[in-house]
Structure formats: C-alpha cells, structure tokens
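Fold and contact review
Letter by letter, the chains look like this.
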Amino acid sequence: AWGEPLSSDQRAAIERLGAPPQLPADPQADLVNVLVASHCGRLDRRAARGIARAQVARDMLMADALVRAVAAYPDHRVVGVMGNQHARRDRGVGYWLQRPEVRGVGTVVSIGLLPSDTIQSLTEEARAYDLVRITAPVDREEPCRTGS
C-alpha cells in the first residue's frame, strides 16, 4: 500500500490533498520522463514510477506544511524554499496548493531559478513557474558522461 512507509500524520496530510500520491496522467508521465532522463536513461520506468510517487508524496507533505504554517501564523508571510522540481505549479508543491481542498493560503507565487545551461526550452520550462530567474551555469561534471 502507498502509505506503509509513512507516519499516520503524513498519511492523513496526503489524504487531505487526495491520496494516493499521484498526479493526473500527463504531469505524472512528464515527471517519470524527467526522472529517467535525469538518471541518464539508466533508471528503468518501473523504478522511475516509484521515485515519482515518492516525489509527489514529498510535494504533498510540503504543501501541507505550508498550509499549516499559514494557519499557525496568519499575520505573517510564509515562504517555502525548495528545489525547482518541487516548486513547479504544474506538478510540484504549487500544483497541490491550487487544489480546491486547500483554502486560506493566500497568494502563492512560484519562482524558478533556472541555470542557463540546463534550459532546453525556456518557454516550456518557464510555464511551470510564476516568475523565472535565469542563473549562471552550474559548475559541475557532466553526470551522464560515459563511465560516470
């Protein structure tokens, strides 16, 4: 069952957002494709689907944490700092914060920090965020190089 590795509080949070932890078909398939590509094609689709489910569960839990923070501190602004994949509105935390089950969060703004060397299609990638900041390339070894 999807909730076995989670605490009862975590399962309840995910259930409030619409368990099991899975996106609609197209965004879920996109996430699986990103995971396969980001693992240099060395990750089979079955494993990628499992990792995608874990990532969606994390996104749902982060969305729940933000909702709880807003409720606990109604006179303050709440900021969630997370990686680009988690900040996306189309399949990340931003997606879950837009759900009709989520009320009282106020304005949600998703900001993507996108390194210039990793953007294959700026227009397509930028649509996942409200604001985009293009950053300098990240100085790292090519992860998909043969022999890595």
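This text goes with the structure placed above it.
Scoring rules and cut-offs
- Residues numbered from 1 in each chain as written.
- Predicted model: local features only at pLDDT ≥ 70, side-chain atom pairs only at ≥ 80, totals over all residues.
- Heavy atoms only, no water.
- Helix = DSSP H or I, 4+ residues; strand = E, 2+ residues; numbered from the N terminus.
- Rg over C-alpha atoms; globule rule 2.2 N^0.38 Å.
- Buried < 20%, exposed > 50% of the residue type's maximum accessible area, 1.4 Å probe, protein only.
- Areas by Shrake-Rupley, 256 points an atom, 1.4 Å probe, with all protein chains shown as cover.
- Lys, Arg positive; Asp, Glu negative; His and termini not counted.
- Charge placed at Lys NZ, Arg CZ, Asp CG, Glu CD.
- Axes fitted to C-alpha atoms, helices over the stretch in contact; angles between N-to-C directions.
- Parallel < 35°, antiparallel > 145°, perpendicular 65-115°, else oblique.
- Contact = heavy atoms within 4.5 Å.
- Nonpolar A, V, L, I, M, F, W, Y, C, P; charged D, E, K, R; others polar.
- Expected span 1.5 Å × (residues − 1).
- Polar contact = N/O pair within 3.5 Å; in protein donor to acceptor, adjacent residues only side chain to side chain.
- Phe/Tyr/Trp six-rings, centres within 6.5 Å; stacked < 30°, edge-to-face > 60°.

Secondary structure assignment for the chain yields six helices and two strands. The C-alpha radius of gyration of the chain comes to 16 Å, within 12% of the 15 Å expected for a compact globule of 148 residues. Considering only C-alpha atoms, the chain reaches an extent of 50 × 35 × 25 Å along its principal axes. Looking at the chain residue by residue over its 148 residues, the buried ones come to 31%. Counting every atom, the chain has about 9500 Å² of accessible surface; 51% of that belongs to carbon and sulfur. When the 19 positive and 18 negative side-chain charges of the chain are each reduced to one mean point, those points stand 2 Å apart.

In this section: the packing of helix 1 (residues 8-17) against helix 3 (residues 45-72). For any two helices packed against each other, the geometry comes down to the angle between their axes and how far apart the axes lie. Relative orientation of the contacting elements helix 1 and helix 3 amounts to 90°, with a least axis distance of 9 Å. Classed by the angle they form, the pair helix 1 and helix 3 counts as roughly perpendicular. For the pair helix 1 and helix 3, contact is made by Gln10, Ala13, Ile14, Arg16 and Leu17 and by Ala57, Met60, Leu61, Ala63 and Asp64, respectively. Residue composition of the contact of helix 1 with helix 3, grouped by class: seven nonpolar, one polar and two charged.

Before going further, it helps to spend a moment on helix 3. Taking 1.5 Å of rise per residue, 28 residues should cover 40 Å, and helix 3 covers 40 Å from first to last C-alpha, within 8% of that figure. Of the surrounding elements, those touching the buried residues of helix 3 are helix 1, helix 2 (25-38), helix 4 (84-87) and helix 5 (93-97). For helix 3, the N-terminal capping position is held by Asp44, with its side-chain oxygen 3.0 Å away from the main-chain nitrogen of Arg46.

Below, the discussion takes up the side chain of Arg89. Within the secondary structure, Arg89 sits in the loop between helix 4 and helix 5. A distance of 2.3 Å separates a polar atom in the side chain of Arg89 from the backbone oxygen of Val108. The residues contacting Arg89, other than those within four sequence positions of it, are Gly94, Tyr95, Gln98, Val108, Val109, Ser110, Ala128 and Asp130.

Okay, the packing of aromatic side chains next. A full pass over the atoms with the stated rule returns one aromatic pair. Ring geometry for Tyr95 against Trp96: centres 4.8 Å apart, planes inclined by 90°, an arrangement best described as edge-to-face. Exposure class is identical for Tyr95 and Trp96. Each is buried.

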